[in-house]
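Descriptive analysis of the structure
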Amino acid sequence: MVQDKTVSARIWNISLILLMAVISFSSLAPVIHTIAVSFSNMSAAAGGFVTFWPVGFNIESYRKIIDDPYFFNSFFVSLKRVLLGGSINFILTILIAYPLSRSQREFKLRHYYMWFILFNMLFTGGVIPLYLVVKSLGMFNTIWALVLPGAVPVFNVILLMNFFRNLPKELSEAGLIDGAGPWFMLFKVFLPLSLPAMATVTLFSVVTHWNSFFDGMIFMRSVENYPLQTYIQQLVVQLSPELMDSTNADLIAKMSDKTLNAAKIMVSMLPILIVYPFLQRYFIHGIMLGSVKE
């Protein structure tokens, strides 16, 4: 009987390993395929002959993106957006989530603010009212048009609020007895204990700002102010005459929409792929604890 259980356990473990291997490959396959397409020639990519290895190796798509004079300018615009927008998101998320995590006795208007935030999360005014507000505030063609409309990420607020609420209540009670004020409790007690949740919401904000392109299309009037994703979208989708001069005719003949799109995806993914491993160990722990409400 014991031997049968041992054999069954081994078969089960092997089955789980094979299943995880299949799932891992399924997750990595699109990335590997995209890399292969980005380094393949135009005819092979357009004909669908590329699988997981480049066919007719060339780097013309990457050369077009990197050598373009607007590329690094757009990259630094996105970098500035991530640093500025991520900092604003981080500060406001903490300052809103902490008081909302307190009890009704400590914060009497908690329910009213909570309903207001939830309503804002479910219902928005839409693109046209947002466009008119940004225009009336004179933020067109400035970095503030990219960071201020999304300054308070409501989902991140709820996630961090629930994480704060899951911390032991005895901490707040002990601090109250010792005479600690709310600012002391926030910066000396709650924030040091909330590194997983803060890493999670920071990652969400960074990814959101880095991947956004639509707001750059509607709020920016010159190519010099485009964030990276907007710049690449304009280059790939529209092939704007402002971005593609007459000297690139031979280059266009060597690449297709597929190879250029693949190169665009890889360039835009690279910074996130670099940052994510450093936050991954906090990410799973933070998303699980922050999503559970008492």
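Computed from a prediction, not measured in an experiment: that's the story for all the values here.

So, the nonpolar core
In this structure, Leu228, Tyr231 and Val267 are the most contacted members of the largest nonpolar core, which totals 29 residues. When residues of this core are traced back to their parent elements, those giving at least two are α3 (60-67), α4 (71-100), α7 (144-147), α11 (195-211), α12 (214-219), α13 (228-238) and α15 (257-290). When residues in this core are grouped by element, the largest group, 5 residues, is from α15. With near-sequence residues (within four places) excluded, Leu228 lies in contact with Phe71, Ser74, Phe75, Ser78, Trp210 and Val267. Counting 21 residues, the second largest nonpolar core, distinct from the first, contains Tyr98, Leu100, Ile158 and Leu160.

Quick word on the packing of aromatic side chains
Tallying each qualifying case throughout the model produces 16 aromatic pairs. Linked through ring pairs, Phe39, Phe57 and Tyr62 together constitute an aromatic cluster.

A short note on the pattern of salt bridges
According to the stated counting rule, one finds 1 salt bridge in the structure shown. With its nearest N and O atoms 2.5 Å apart, the salt bridge here joins Asp215 to Arg81. With Asp215 in helix α12 and Arg81 in helix α4, this residue pair connects regions lying 134 residues apart in the sequence. Each of the two residues, Asp215 as well as Arg81, counts as buried.

A short note on the packing of helix α8 (residues 154-166) against α11
Between α8 and α11, whose axes approach to 10 Å, the crossing angle comes to 175°. The orientation of α8 with respect to α11, classified from their angle, is roughly antiparallel. Contacts between α8 and α11 involve Phe155, Asn156, Leu159, Leu160 and Phe163 from the first element and Ala197, Met198, Thr200, Val201, Phe204 and Ser205 from the second. Tallied by class, residues from the contact of α8 with α11 come to 8 nonpolar, 3 polar and no charged.

Analysis parameters
Residues numbered from 1 in each chain as written. Predicted model: local features only at pLDDT ≥ 70, side-chain atom pairs only at ≥ 80, totals over all residues. Heavy atoms only, no water. Core = buried A, V, L, I, M, F, W, Y, C linked by side-chain atoms within 4.5 Å. Buried < 20%, exposed > 50% of the residue type's maximum accessible area, 1.4 Å probe, protein only. Helix = DSSP H or I, 4+ residues; strand = E, 2+ residues; numbered from the N terminus. Contact = heavy atoms within 4.5 Å. Phe/Tyr/Trp six-rings, centres within 6.5 Å; stacked < 30°, edge-to-face > 60°. Salt bridge = Lys/Arg side-chain N within 4 Å of Asp/Glu carboxyl O. Axes fitted to C-alpha atoms, helices over the stretch in contact; angles between N-to-C directions. Parallel < 35°, antiparallel > 145°, perpendicular 65-115°, else oblique. Nonpolar A, V, L, I, M, F, W, Y, C, P; charged D, E, K, R; others polar.

So yeah, pure geometry; function would need other evidence.
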